[in-house]
Amino acid sequence: MGSVENYSRFLKHRIFDTISQEAEALGVRAFVIGGYVRDCILGRPCNDIDVVVEGSGIALAEAVAKRLRCRVSVFKRFGTAMIKSKGLEVEFVGARKESYRADSRKPIVEDGTLREDQERRDFTINAMSFSLQKENFGELVDPFDGLGDISRKLIRTPLDPDTTYSDDPLRMIRAIRFASQLSFEILPESFESIKRNRARLAILSIERINEELNKILLSPKPSVGLKLLDDATLLELILPQVTNLKGVETVEGRGHKDNFYHSLQVVDNVAELIRQRPVEQKENRAVEELWLLWAALLHDIGKPSTKRFEEGIGWTFHSHDFVGGKMIPGVFKHLKMPLNEKMKYVQKMVQLHLRPISLVDDQVTDSAVRRLLFDAGEDIDDLMLLCSADITSKNDKTVARHKKNFELVKQKMKEVEEKDEYRNFKNPITGDLVMEVYNIPPCNLIGEIKEYVKNAILDGVIENNYEAAYALMEQKAADMGLVKGGAPAATGEQSGDSPR
Ligand code: ATP
Ligand code: MG
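Residues numbered from 1 in each chain as written. Chains lettered and ligands numbered in written order. Predicted model: local features only at pLDDT ≥ 70, side-chain atom pairs only at ≥ 80, totals over all residues. Heavy atoms only, no water.

Here's the deal with the pairing of strand S3 (residues 72-75)
Across a regular strand the side chains alternate sides, sitting on one face of the sheet and then on the other.
Part 1 of the argument: Where S3 meets strand S4 (residues 80-85), four bridges bridge the pair, whose relative direction is antiparallel. Among the inter-strand pairings, Val72 is bridged to a residue of S4, identified as Ile83.
Part 2 of the argument: What sits between S3 and S4 in their antiparallel hairpin is a turn of four residues, with Gly79 showing a positive phi close to 70 degrees. (Pairing = 2+ DSSP bridges. Helix = DSSP H or I, 4+ residues; strand = E, 2+ residues; numbered from the N terminus.)

Right, dumping it as structure tokens:
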């Protein structure tokens, strides 16, 4: 036998030694397997460790936890157990053999050997393991040449791809995710097999698909994964709203840009701009940057339904920002993504994505800038980033011109902000205040008064402070016939208690 490289340098943490000793005491063989092995060899950080045991994973985990005096969480139903120790998360599982039947997506699972466990893994690079036996601690067990595929930068399945993909079709999307994350190629036969097995996608839960989509969006150049999904004709099954953006129509010799490829470019631009961001902007964020990438992918989905060819003007997409925003909840529901402030954020980004650049045409008045600052609120930096990423064109001069205009808008925003602190502007007049002062129940009048005061501040009619706002509220309320302390009989819903 030739000399075999030893990888014990990746197994320095005390826990590996303990696992080794406890496995020996129990008379079982244990191995580190999967993502941790792959990432160590690739030099990527990884704190999730999977340990596979030829025997009971739970029993070994319990023995290790006892020695290290740490807690163990046992998932009996899955036959797994998890230990958290000093920033590491170690999951223990018994080696298993899986056999699938065509009529069911649930495999028959039996105890198996390491080799059988490696065969049911998705890719050769994910099937490698490090031995934890005393006699060959740190030795690589790599029956499918995952190491060779790492050096060839290749995604390949351990078994016939048709078997691997049809057994668990999520692996098709995982192949594309790893290609995008690691800048690897998918073996051509494997890619053909993905195309052949596309219909199997139907048996997957959308949540599992979505997890992989998020990882594609967070990869260094998301368009790599998105294009692969599209080439494999999977994207149209998952996100038809995005593939509908494809194509260029020409009327009277005038075409428009292909909005699908444009959107992918915008996603890549956003990914790049996020990397260049100063740290202050990365901290204290209301939502994770993942959602800004989603906004980039979806920013133009209102275009297909708003597309018109107008004589003398050319192609227009009037209100696609507004229409696109309206489509966001549907997309989120379909992908079972959170329907909370994250969705609202994406919707807001889509709805406002034209605003910063449109200010250029409006000669950038203070009042327009204030309105934008008010509408974007704490998400203004993200909106500006998205808007700048949205400037794409084949013509470098056009890009340069737009970028210059965009800088003007940014400059103007800074001036307005410095002048009167409209960032995070909050209306000094709240609904509660109006209700209390005039002793009225919730009704339309309150919104009307608030809106009136807000507009006066944003238009610069009054100063942005409480006293000025309060005085204007009094004036507007008097015009509306409201009396302080209230005439509750007129609105009829509240008791006659006067405030305080
Ligand atoms: P990451 O943690 O970056 O998402 P990973 O490869 O560690 O990547 P996990 O989902 O944590 O992915 O899975 C751990 C290991 O389990 C993988 O390396 C692979 O060996 C195996 N695995 C995960 N999902 C599948 C699957 N669908 N089919 C076969 N094996 C899988
Ligand atoms: Mg992992």
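This is not the end of the story, as more comes after the structure.
Some words on the sheet that holds S3
Part 1 of the argument: Across the sheet, seven strands lie side by side as S3-S4-S5-S2-S1-S8-S9; this open sheet has mixed pairing. With partners counted over all chains shown, the strands left at the sheet margins are S3 and strand S9 (140-141), one partner each.
Part 2 of the argument: The pairing of strand S1 (residues 30-33) with strand S2 (residues 48-53) spans four bridges and is antiparallel. By the bridge assignment, Ile33 is partnered in S2 with Asp50.
Part 3 of the argument: Sitting on the sheet, helix H1 (residues 14-26) is in contact with S1, S2, S4 and strand S5 (88-94), with an inclination near 25 degrees to S5. (Contact = heavy atoms within 4.5 Å. Axes fitted to C-alpha atoms, helices over the stretch in contact; angles between N-to-C directions.)

Let's talk about the site of ligand 1
Part 1 of the argument: Taken together, 15 residues form the shell around ligand 1, and within it Arg38, Asn126, Asp168, Arg171 and Lys215 come nearest.
Part 2 of the argument: A distance of 3.0 Å separates an oxygen atom of ligand 1 from a polar side-chain atom of Arg121.
Part 3 of the argument: Within the backbone of Asn126, one N or O atom sits 2.8 Å away from an oxygen atom of ligand 1.
Part 4 of the argument: Protein coverage of the free-state accessible area of ligand 1, which is 580 Å², stands at 75%.
Part 5 of the argument: Mapped by element, the contributors of at least two residues to the shell around ligand 1 are helix H2 (35-42), helix H7 (170-182) and helix H9 (206-217).
Part 6 of the argument: When residues of the shell around ligand 1 are assigned to their parent elements, the largest contribution, four residues, is made by H7.
Part 7 of the argument: Looking at the shell around ligand 1 residue by residue, the classes come out as one nonpolar, three polar and 11 charged. (Near = heavy atom within 4 Å. Polar contact = N/O pair within 3.5 Å; in protein donor to acceptor, adjacent residues only side chain to side chain. Areas by Shrake-Rupley, 256 points an atom, 1.4 Å probe, with all protein chains shown as cover. Nonpolar A, V, L, I, M, F, W, Y, C, P; charged D, E, K, R; others polar.)

Some thoughts on H9
Part 1 of the argument: Over its 12 residues, H9 runs 16 Å from end to end, which matches the ideal 16 Å to within 8%, given 1.5 Å per residue.
Part 2 of the argument: Looking at H9, one finds that the buried residues are Ile206, Ile209, Asn210, Glu212, Leu213, Asn214, Ile216 and Leu217.
Part 3 of the argument: Turning to H9, the residues buried within the fold contact H7, helix H10 (222-231), helix H11 (235-238), helix H13 (259-276), helix H15 (290-298) and helix H17 (320-334). (Expected span 1.5 Å × (residues − 1). Buried < 20%, exposed > 50% of the residue type's maximum accessible area, 1.4 Å probe, protein only.)

Regarding the packing of H1 against helix H3 (residues 57-68)
Angle between the axes and distance between the axes: these two values describe a pair of packed helices.
Part 1 of the argument: Look at H1 against H3: their axes get within 9 Å of each other, and the N-to-C directions meet at 125 degrees. As summarised for this structure, H1 and H3 are arranged oblique, according to the angle between their axes. In this structure, H1 crosses over H3, and the sense of that crossing is right-handed. In contact with Arg14, Ile15, Thr18, Ile19, Gln21, Glu22, Ala23 and Leu26 of H1, H3 contributes Ala59, Leu60, Ala63, Val64, Arg67 and Leu68. (Parallel < 35°, antiparallel > 145°, perpendicular 65-115°, else oblique. Left-handed = near helix turned anticlockwise from the far one by under 90°.)

A closer look at the confidence of the model for the protein
Part 1 of the argument: Confidence in the prediction of the protein, expressed as mean pLDDT, is 90, and 94% of residues score 70 or more.
Part 2 of the argument: Here residues 488-500 scores under 50 on pLDDT; set against residues more than four positions off or in separate chains, the count is 20 contacts. (pLDDT = per-residue confidence, 0-100.)

Remarks on the environment of Gly460
Part 1 of the argument: Considering the arrangement of structural elements, one finds Gly460 in the loop between helix H24 (444-458) and helix H25 (466-479).
Part 2 of the argument: Distance in space between the C-alpha atoms of Gly460 and Arg370 is 9.2 Å, their sequence separation being 90 residues.

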